[in-house]
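Okay, here's what each chain looks like letter by letter:
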Amino acid sequence: MKNLNPMEVELKLALAPAGPAALTQHPHLASYPARKQSLTNTYFDTPHGDLAKARIALRLRQVDGQVLQTVKTAGQGGGGLSQREEWEWQVSGPELDLESIAKLPPFQGELSGVLDALAPQLSTDFTRRSWQLTDGLVTPGSTNQRSHIELVLDEGEIISGGYRTPIREVELELKDGDPEALWTLALTLSEQVPLRPSDSSKASRGNALSNQHWPLPEAHSPAEWLHRATLALDAYHDSQQASFLSDAQQALATLADHPALDADARVYAQALPGGLDAHGQPSTAYGNAALALAHRLAYQTELR
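Residues numbered from 1 in each chain as written. Predicted model: local features only at pLDDT ≥ 70, side-chain atom pairs only at ≥ 80, totals over all residues. Heavy atoms only, no water.

A short note on the side chain of Glu150
Then, in step 1: Summarising the element assignment, Glu150 is placed in strand β9 (residues 148-160).
Then, in step 2: Overall, the relative accessible area of 18% leaves Glu150 in the buried class.
Then, in step 3: Apart from the residues lying within four places of it in its own chain, the contact partners of Glu150 are Ser130, Trp131, Gln132, Glu171, Leu172, Glu173 and Lys175. (Helix = DSSP H or I, 4+ residues; strand = E, 2+ residues; numbered from the N terminus. Buried < 20%, exposed > 50% of the residue type's maximum accessible area, 1.4 Å probe, protein only. Contact = heavy atoms within 4.5 Å.)

Some details on the packing of aromatic side chains
Then, in step 1: A full pass over the atoms with the stated rule returns 1 aromatic pair.
Then, in step 2: An angle of 70° between the planes, with centres 6.2 Å apart, marks the rings of Trp214 and Phe244 as edge-to-face. With a gap of 30 residues between them, Trp214 in the loop between α5 (202-211) and α6 (222-239) and Phe244 in helix α7 (residues 242-256) connect regions that are remote in the sequence. Judged on exposure class, the residue Trp214 and its partner Phe244 are both buried.
Then, in step 3: Between the NZ or CZ atom of Lys202 and the centre of the ring of Phe126, over which it lies, the distance is 4.9 Å. (Phe/Tyr/Trp six-rings, centres within 6.5 Å; stacked < 30°, edge-to-face > 60°. Lys NZ or Arg CZ within 6 Å of the ring centre and 35° of its normal.)

Description of the pattern of salt bridges
Then, in step 1: According to the stated counting rule, one finds 17 salt bridges in the structure shown.
Then, in step 2: The salt bridge involving Glu171 is made with Lys12; its shortest N-O contact spans 2.6 Å. With Glu171 in strand β10 (residues 163-176) and Lys12 in strand β1 (residues 8-15), this residue pair connects regions lying 159 residues apart in the sequence. Note on accessibility: Glu171 and Lys12 belong to one class, buried.
Then, in step 3: A salt bridge links Glu88 to Arg59, with the nearest nitrogen and oxygen atoms 3.5 Å apart. In this pair, Glu88 sits in strand β7 (residues 86-91) while Arg59 sits in strand β3 (residues 57-63), placing the two residues 29 residues apart along the sequence. Across the pair, exposure class does not vary: Glu88 and Arg59 are buried alike.
Then, in step 4: One network of salt bridges, with partners in common, ties together Lys12, Arg128, Asp154, Glu169, Glu171, Lys202, Arg205 and Asp238. (Salt bridge = Lys/Arg side-chain N within 4 Å of Asp/Glu carboxyl O.)

Considering the environment of Leu133
Then, in step 1: If you trace the backbone, Leu133 turns up in strand β8 (residues 119-133).
Then, in step 2: A relative accessible area of 0% means that Leu133 is categorised as buried.
Then, in step 3: Each C-alpha atom, one on Leu133 and one on Leu272, is 29 Å from the other, the two residues being 139 residues apart in sequence.
Then, in step 4: The residues contacting Leu133, other than those within four sequence positions of it, are His28, Leu29, Tyr32, Ser147, His148, Ile149, Leu151 and Leu185.

Shown next, in the form of structure tokens:
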């Protein structure tokens, strides 16, 4: 089994329709080869959603002739950044390796009794293009010489409960080095690629889609208002319910006027309400300001 004490650190970015083309043409990626794969993923849960309630994702992934089993816990972070536990290992076929799952920390206690009830609940099928980025990622002020980031571009769809929604996102995963390198890279990309932070995993999106229910958290601090706005945008694009776009705009307006913001953070926050088009898609100005603000507020919210 891979990693006894694993921790995944990544930034998730949702792309506007023009985002994939802009990303693949970005000069920062020009000197790196891209790997293209087709991924078929099945997520498992009980009929009562016990894993979703515990904010745990369990999937089988078919890629390159292999089947990988992955368990992910909920993360800490916000503004697209997440730090979460992850276990992944190869299995022999399209059946869950329940014996190994039972040994993992998330399945001690109450969840130990639900393993026999696990069944497929949703699927995500997408094409992934990935780049391994190392050179040029020296983080200013860091003691690390270099950082290694895997950049992946996913395009496809989530299928859950008879509903479908597109996948069009970038994940920046830190493989080695300082997490600051994630922000440096994301901000560089946002100057030319229309994108925005996303705080919803594919699994949580699929669960919400199946239930047709997208709860938004209460907010008080600036970090919480940014998280609420980000989740509302995620919900809007998956549900196409106009009320969520209104919720996002209201959260951004509240954030822009929040008394706890310092002068620099307020400049970024005030750029956000006007940075979305009528369809809730971000301009490059929105993405850059949202990431700059999220960077200042990072590690302050609990993720879905």
